[in-house]
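# Per-entry structural report
Here is what each chain is made of, one letter per residue.
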There are 2 protein chains.
Amino acid sequence: MLYIGIDLGGTDIKAGIVDKEGYIISQAKRPTSAKRHYSEVIKDMADCAKEALDSVHYDLDDIASVGIGIPGIGDNEKGKVIFCTNLSWYDVPLREEMQKYIDKPVFIGNDATVAGFAEYIAGVSKGTHSSVFITLGTGVGSGIIINGKPWSGFHGVGSELGHITLERNGILCSCGNKGCLERYCSATAVIRMGREELKVNPDSLMMKNCNNNPENLDAKNVFDAAKANDVSALKVFDEYVENLCMAVNTVIGFLDPEVIVLGGGVSKAGTYLTDAINKRIGKYLLFKTCGYSKIQLAELGAGAGMIGAAMLGAY
Amino acid sequence: MLYIGIDLGGTDIKAGIVDKEGYIISQAKRPTSAKRHYSEVIKDMADCAKEALDSVHYDLDDIASVGIGIPGIGDNEKGKVIFCTNLSWYDVPLREEMQKYIDKPVFIGNDATVAGFAEYIAGVSKGTHSSVFITLGTGVGSGIIINGKPWSGFHGVGSELGHITLERNGILCSCGNKGCLERYCSATAVIRMGREELKVNPDSLMMKNCNNNPENLDAKNVFDAAKANDVSALKVFDEYVENLCMAVNTVIGFLDPEVIVLGGGVSKAGTYLTDAINKRIGKYLLFKTCGYSKIQLAELGAGAGMIGAAMLGAY
């Protein structure tokens, strides 16, 4: 059997036809156009999935289930989206709507959670005892895989590492709290720290990398300058790695998974980043002589959302 | 069948004969005398268990297994204590030693983890989907129960909530890191904040409660003064509740268990404490319209360690 996996993003809908090993045999994409009524978006999700199916000459008889990764909180039991803030979706009967077009079991999961599940099925954390996937992007998302299953908690609101407190009374977060982890560990945090540093040291290579406009500075500009041993960029990178070590140590101290997988834009810094974390993490570990979670880079890239969503119905 | 549960503490060894429902039918106690060689302590643990068994006229034929809760880190697979800092035990073959005296399967767990498991088997979180037990004492310990099993992580170093970061570059912790959660959420934290407040406001009722000697101030002195509406004590209590709310929100944002159980000395403040947390926690929750973990007081008290240890072999 095959599985439909749909990655519902704020910008694009991506649908993939995925086999049980997590291999995408075909995919299609169209704009989300998020301002439309949800019913139109969901019809497009179904059409997009059918397009991917047609292109490899399969039909719905070959499909076991549909999985959907959403940028928000869902209730898989009731088949509903509780909310997706970026889409202005509240209490949307996603399963019921989808089944109007594709009459198969429909599973719903959070986007970061399904991406973590994809890495567990077909990526870097394949077959591990337990893993925590952390997306380091505009914000910080996460997915927990325990005993071969995604874990979203009892009320479906778990694995939101981005909004646990890393600094009591720290920087104000978009969620309204102060000092949330994502204020210190996201790409946005790298940019914030880079800009602050540029105010003091405008001669930094970071300035050249952003074409002399700190408004355009991105995380890659900072990391590239750090890799070139620019002193200011190294200072930013060092502080960022310290922040990440605290986050990684929090994951270890709380759940101690076999593997911690880093994904999202920041993870493109590659082994430059993971080597730096591994070098520094020992300082934070409570039990310095015991083993600790392997820190790995996500492997699946942009397909992870489709793969993980599809696999919700397979395992 | 019955189960032996041994609670190995820095001060006392407690051994209980426990039935499958987590009821202690008999118990015995003797001093740990922690300075002795581990082999002597373990012999005493076995003798203590046999004493408890004799007193109710059962014998070893009635016993299915022995469980031991240790104040440190164990490797249940290998049957070893990795270390118990307070006992100066490192790499101790606990199972092998115990089996010299009681030739039964021997299970090893961390003390806070087994206490949380006890609450799951026979206490306030009985039969729940998932729970996180937090002991608020001199330090902060914790135990995670997922799918009916204690969770200590892949390397056995998980559920150490006390040492996750709550304040980047915060107060120095005994573990060597800065800003660990237990610096803000333990009974020790209540005392620290109380003493600081007494320096500014020596007329506080807290001063009377500690017999005019801040060196003797304990958490109960602070809570009693707060309950009596002493302004200074209320200020300390408020800050402490804020800290606890951040910790509780971290547990919810990470794992979202069905129940969070508060134990340890501080939890004796009872519903005065849990009411205050419930009143304040909404401010921190990321998803304010979703359900969140029920915050409960531990029920089992001093027997929890024996019960939880015994139950390691039963489920």
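Look up a bit, the structure's there.
Before going into details, it helps to say that this report is about the structure given with it. A quick note: this is a predicted structure, and the numbers were derived from the prediction, not measured.

### Description of the overall build of chain A
- A count of helices and strands for chain A gives ten helices and 13 strands.
- Computed over C-alpha atoms, the radius of gyration of chain A comes to 20 Å, within 12% of the 20 Å expected from 2.2 N^0.38 for 315 residues, which places it in the range of a compact globule.
- Along the first, second and third principal axes, the C-alpha atoms of chain A reach 60 × 45 × 35 Å.
- Pairs at least 24 residues apart make up 61% of the contacts formed inside chain A by residues separated by at least 6 positions.
- Accessible surface for chain A amounts to roughly 12500 Å². Of this, 48% is attributable to carbon and sulfur atoms.
- For chain A, the separation between the mean place of its 31 positive charges and that of its 37 negative charges on side chains is 4 Å.

### With respect to the interface of chain A and chain B
- The partner chain B presents 50 residues to the 50 residues of chain A that form the contact.
- Summed over both partners, the interface of chain A with chain B comes to about 4700 Å²; 66% of that surface belongs to carbon and sulfur atoms.
- Linking chain A with chain B are four salt bridges, by the criterion used here.
- Put simply, chain A and chain B have 26 residue pairs in polar contact (both at pLDDT 80 or more) between them.
- Residue assignment for the side of chain A that touches chain B shows that the elements contributing at least two residues are β6 (80-84), β10 (140-146) and α8 (231-254) of chain A.
- The element best represented in the side of chain A that touches chain B is α8(A), accounting for nine residues.

### Points about the pattern of salt bridges
Residues and elements named next belong to chain B.
- Using the criterion set out here, one finds 33 salt bridges over all chains in the structure.
- When the shortest N-O distance is used, the salt bridge between Glu196 and Arg192 registers 3.7 Å. With Glu196 and Arg192 both in helix α5 (residues 187-200) and four residues apart, this pair spans about one turn of that helix.
- Assessed through its relative accessible area of 24%, Arg192 is described here as partly exposed.
- Note that Asp238 is salt-bridged to Arg280, the shortest N-O span being 3.3 Å. Of the two residues, Asp238 is situated in helix α8 (residues 231-254) and Arg280 in helix α9 (residues 271-281); the sequence distance between them amounts to 42 residues.

### Considering the relation of the copies chain A and chain B
- Each copy superposes on the other: chain A lies on chain B with an RMSD of 0.0 Å after a rotation of 180 degrees and an axial shift of 0.0 Å. On the angle and the small slide along the axis, the relation comes out as a two-fold axis. Nearest to the rotation axis, the C-alpha of A:Glu167 is located 2.0 Å from it, this being the minimum over chain A.
- Here 100% of the contact residues of chain A are again contact residues in chain B; the copies associate through an equivalent surface.

### With respect to the pairing of strand β10 (residues 140-146) of chain B
All names here are of chain B.
- Counting buried residues along β10, seven of its seven residues qualify, which places the element largely inside the surrounding structure.
- Burial along β10 is two-sided: Val140, Ser142, Ile144 and Ile146 and Gly141, Gly143 and Ile145, pointing in opposite directions, are all buried.
- Strand direction decides the pairing type here: strand β9 (residues 130-136) and β10, joined by seven bridges, are antiparallel. Directly across from Ile134, in β10, lies its bridge partner Ser142.
- Taking the residues that link successive antiparallel strands as the turn, the β9-β10 hairpin has three residues.
- Summarising the sheet, β10 and strand β11 (residues 149-151) pair through three bridges and their orientation is antiparallel. In the strand pairing of β11, Ile144 is matched with Trp151.
- Counting the residues in the hairpin turn of β10 and β11 gives two residues, including Asn147, whose phi is positive at 50 degrees.

Rules used in this analysis
- Residues numbered from 1 in each chain as written.
- Chains lettered and ligands numbered in written order.
- Predicted model: local features only at pLDDT ≥ 70, side-chain atom pairs only at ≥ 80, totals over all residues.
- Heavy atoms only, no water.
- Helix = DSSP H or I, 4+ residues; strand = E, 2+ residues; numbered from the N terminus.
- Rg over C-alpha atoms; globule rule 2.2 N^0.38 Å.
- Contact = heavy atoms within 4.5 Å.
- Areas by Shrake-Rupley, 256 points an atom, 1.4 Å probe, with all protein chains shown as cover.
- Lys, Arg positive; Asp, Glu negative; His and termini not counted.
- Charge placed at Lys NZ, Arg CZ, Asp CG, Glu CD.
- Buried area = accessible area lost by both parts, 1.4 Å probe.
- Salt bridge = Lys/Arg side-chain N within 4 Å of Asp/Glu carboxyl O.
- Polar contact = N/O pair within 3.5 Å; in protein donor to acceptor, adjacent residues only side chain to side chain.
- Buried < 20%, exposed > 50% of the residue type's maximum accessible area, 1.4 Å probe, protein only.
- Least-squares fit on C-alpha atoms with pLDDT ≥ 70 in both.
- Pairing = 2+ DSSP bridges.

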